[in-house]
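# What the coordinates show
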Amino acid sequence: MKLKKLGGTEQKIYDLVKPITDELGYYLWDISYVKEGASWYLRIFIDCDEGITIEDCEKVTEPVNRILDETDPIPQSYTLEIGSAGLERELLKADHFEVCEGDKIRIRFIRSVDGEKEISAFLKSADKNQITVSDEDGNEKVFQLSDIAFVKLWFEFE
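About the cut-offs
- Residues numbered from 1 in each chain as written.
- Predicted model: local features only at pLDDT ≥ 70, side-chain atom pairs only at ≥ 80, totals over all residues.
- Heavy atoms only, no water.
- Helix = DSSP H or I, 4+ residues; strand = E, 2+ residues; numbered from the N terminus.
- Buried < 20%, exposed > 50% of the residue type's maximum accessible area, 1.4 Å probe, protein only.
- Contact = heavy atoms within 4.5 Å.
- Areas by Shrake-Rupley, 256 points an atom, 1.4 Å probe, with all protein chains shown as cover.
- Lys, Arg positive; Asp, Glu negative; His and termini not counted.
- Charge placed at Lys NZ, Arg CZ, Asp CG, Glu CD.
- Expected span 1.5 Å × (residues − 1).
- Bend = angle between axes of the 7 residues up to and from the residue.
- Pairing = 2+ DSSP bridges.
- Axes fitted to C-alpha atoms, helices over the stretch in contact; angles between N-to-C directions.
- Salt bridge = Lys/Arg side-chain N within 4 Å of Asp/Glu carboxyl O.

Further remarks concern the overall build of the protein. Counting its regular elements, the protein contains three helices and eight strands. Referenced to the eigenvectors of the C-alpha coordinate spread, the extents of the protein come out at roughly 50 × 30 × 25 Å. Taken over 158 residues, the protein has a buried fraction of 37%. Within the protein, residue pairs in contact and separated by at least 24 positions form 55% of the contacts whose partners lie at least 6 positions apart. In the form shown here, the protein has an accessible surface area of approximately 9300 Å², with 47% of it arising from carbon and sulfur atoms. Both charge centroids of the protein, one from 20 positive and one from 34 negative side chains, sit 7 Å from each other.

The following block contains the structure:
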């Protein structure tokens, strides 16, 4: 697993949108600008401690639409989607790991590590090379990011 770096267009959009989400009290989780079939999609994922509702997405959409129309940072047509990062969102960037320290996560390995292909544990820390987790008893383990396919928040439904 490599930590995500925003591409040029995504970084431009991030720089335009972050002040808006900050002002409205939301955390800008990620920006994705992708081509699917013949269409381009600009996806903006937001979060807040109380969770994200459709009303939250609507509240962000209007000022984001306005700034994108004014600055016109993307030459071709695209579909704008603003949504929640989701309960079991993937941790992609260094700041995602910082924000989620102490939270329960699910790690899927590229190949089995200590006989396990996937584990759940509590995130202790992470850097550009490794991740430190602890189990229910507080026992810590360190894994190399290069051995990991993905890391996601883990939410246990009751």
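Having seen the structure, we can now continue with the description.
For helix α1 (residues 8-24), built from 17 residues, the straight-helix expectation of 24 Å at 1.5 Å per residue is met to within 8% by its first-to-last C-alpha distance of 25 Å. Of all the bends in α1, the greatest, near 35°, is centred on Val17, and the proline Pro19 appears no more than four residues after it. All of the buried residues along α1 are Glu10, Ile13, Tyr14, Val17, Ile20 and Thr21. Of the residues trailing α1, Gly25 is marked for its positive phi of about 90°.

Here we take up unusual backbone geometry. At Asp72, a position not held by glycine, the phi torsion is positive, near 45°. For Asp72, the location among the structural elements is in the loop between α2 (54-71) and β3 (79-84). Of note in this structure, Asp114 is not a glycine but carries a positive phi near 55°. Looking at the secondary structure, you find Asp114 in the loop between β4 (104-113) and β5 (116-126).

Moving on to the sheet that holds strand β7 (residues 140-144). Taken in spatial order, the five strands make up an open sheet running β7-β6-β5-β4-β8, and their pairing is antiparallel. Strands with a single pairing partner mark the edges of an open sheet, and in this sheet they are β7 and β8 (148-153). With direction set aside, neighbouring strand axes in the sheet form an average angle of 45°.

Attention shifts here to the environment of Leu42. Along the chain, the position of Leu42 falls in strand β2 (residues 39-47). Distance in space between the C-alpha atoms of Leu42 and Leu6 is 13 Å, their sequence separation being 36 residues. Look past the residues within four positions of Leu42 in its chain and what remains in contact with it is Ile13, Ile31, Ser32, Tyr33, Leu68, Ile74, Tyr78, Thr79, Leu80 and Glu81.

Any two side chains of opposite charge can pair, given that their charged atoms come close. Tallied over the entire structure, the rule returns nine salt bridges. A salt bridge links Glu36 to Arg43; its shortest N-O distance comes to 2.8 Å. Glu36 gets classed as partly exposed once you look at its relative accessible area, which sits at 40%. Arg89 is the salt-bridge partner of Asp47, the closest N and O atoms lying 2.6 Å from each other. Taken as a pair, Asp47 in strand β2 and Arg89 in the loop between β3 and α3 (94-99) lie far apart in primary sequence, 42 residues in all. The buried category is assigned to Asp47, whose relative accessible area is 16%. With relative accessibility at 10%, the residue Arg89 sits in the buried group.

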